[in-house]
Amino acid sequence: NAGVTQTPKFRILKIGQSMTLQCTQDMNHNYMYWYRQDPGMGLKLIYYSVGAGITDKGEVPNGYNVSRSTTEDFPLRLELAAPSQTSVYFCASRKGQMNSYNSPLHFGNGTRLTVT
Amino acid sequence: SQKIEQNSEALNIQEGKTATLTCNYTNYSPAYLQWYRQDPGRGPVFLLLIRENEKEKRKERLKVTFDTTLKQSLFHITASQPADSATYLCALPDTGRRALTFGSGTRLQVQP
C-alpha cells in the first residue's frame, strides 16, 4: 500500500491565484482530513469527511473548499490565495467504522505552499 | 474550548538517558490520547494510544502515562538514541470524536 499520497510537494502561488491540493489514499479508509501546520504551531483542522459525499468544516475552513466524490480522493481547493495561507498542508485518513473511533491517523508527507 | 499544551522549548538530552515529554490539556475529558512522531519535512506518524481507563502503556522503549485527574500525559523514551530526535505531538479527540486536536509538539534532540 502506498498509504496517503499528496501532490504537489511544493507550490508557489501569487496572491489571488487558485489551486487544488490533491490527496488520495489506498487503505479504504472512510475518514479523511486536511490539516495545516504553521511554524511552531500545532496542526489546525481545515475540513474533514466521514465518507464519500459528506464533508464538514474544521477549526479554520475560511478560504478553502473540499469535495469527496470517492472514498479514495479528498482534494482541497484554494480559490483566491492569500499570504495567510502560506503553510504546510497535511492530508490524513483513518478507519471510521463502529468501535474504531480511536483508530490512528495516517498522514501524507505534506504540501508546502507559499503565497506571495 | 479545549486546549492542549506541550513544552515549546526543545528538550536536549544525552544518548542513553530517559526523555520525558509532557502534554497538558484543559476544558476537556478525553476518552483517549494519542502520541505521534514527526520528522522534518514529513507527516506525523502514530506511536501510541492510551485510553482513559489505562494508567500506563508501553511499546518497546516507549512508555505513556495518562492522569485524568491532573489532565496530563507523560511520554517517556528510555535508553534514548540520536535516531529518536524528532518532534513529538500529543493529540486528543474532539468532542464529536471524529477528528483529533493536536498540541504544538516538543522537539527532542538526543546528543551522541
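No experiment lies behind these values; they were computed from the predicted model shown. (Residues numbered from 1 in each chain as written. Chains lettered and ligands numbered in written order. Predicted model: local features only at pLDDT ≥ 70, side-chain atom pairs only at ≥ 80, totals over all residues. Heavy atoms only, no water.)

## Some thoughts on the overall build of chain A
In terms of regular secondary structure, chain A is built from zero helices and 11 strands. The helix and strand sequence of chain A, counted from the amino end, reads β-β-β-β-β-β-β-β-β-β-β. In terms of C-alpha radius of gyration, chain A reaches 14 Å, essentially the compact-globule figure of 13 Å for 116 residues. When the backbone C-alpha atoms are referred to their principal axes, chain A occupies close to 45 × 30 × 25 Å. Residues counted as buried form 47% of the 116 residues belonging to chain A. (Helix = DSSP H or I, 4+ residues; strand = E, 2+ residues; numbered from the N terminus. Rg over C-alpha atoms; globule rule 2.2 N^0.38 Å. Buried < 20%, exposed > 50% of the residue type's maximum accessible area, 1.4 Å probe, protein only.)

## Comments concerning the overall build of chain B
Per the secondary structure count, chain B includes zero helices and 11 strands. Its C-alpha radius of gyration of 13 Å places chain B within 12% of the 13 Å reference for a compact globule of 112 residues. In terms of its C-alpha atoms, chain B occupies a principal-axis envelope of roughly 40 × 30 × 20 Å. Taken over 112 residues, chain B has a buried fraction of 46%.

## What to know about the sheet that holds strand 7 (residues 62-67) of chain B
Residue and element names in this part refer to chain B. The five strands lie next to each other as 1-3-8-7-6, forming an open sheet whose pairing is antiparallel. Each edge of the open sheet carries a strand with a single partner, namely strand 1 (3-6) and strand 6 (56-59). Across the sheet, the mean angle from the axis of one strand to that of its neighbour is 15°, orientation sign disregarded. Here strand 3 (residues 19-26) runs beside strand 8 (residues 72-77); their pairing, made up of six bridges, is antiparallel. Its bridge partner lying in strand 8, Thr20 is registered against His76. (Pairing = 2+ DSSP bridges. Axes fitted to C-alpha atoms, helices over the stretch in contact; angles between N-to-C directions.)

## Brief notes about the sheet that holds strand 7 (residues 64-66) of chain A
Residue and element names in this part refer to chain A. Judged by pairing direction, the sheet is antiparallel, and its four strands sit side by side in the order 1-3-8-7 without closing on themselves. Where the open sheet ends on each side, the last strands, each with one partner, are strand 1 (4-7) and strand 7. Across this sheet, the average inter-strand angle for adjacent strands is 20°, counted without regard to direction. Relative to strand 8 (residues 76-78), strand 7 runs antiparallel, the two being bridged by three bridges. The residue of strand 8 that forms the bridge with Asn65 is Arg77.

## So, the interface of chain A and chain B
Taken together, the 22 residues of chain A in the interface contact 20 residues of chain B. Interface of chain A and chain B: buried area, both sides summed, is about 1,700 Å²; carbon and sulfur atoms make up 52% of it. Inspection of the region where chain A meets chain B yields zero salt bridges. Linking chain A with chain B are six residue pairs in polar contact (both at pLDDT 80 or more). (Contact = heavy atoms within 4.5 Å. Buried area = accessible area lost by both parts, 1.4 Å probe. Salt bridge = Lys/Arg side-chain N within 4 Å of Asp/Glu carboxyl O. Polar contact = N/O pair within 3.5 Å; in protein donor to acceptor, adjacent residues only side chain to side chain.)

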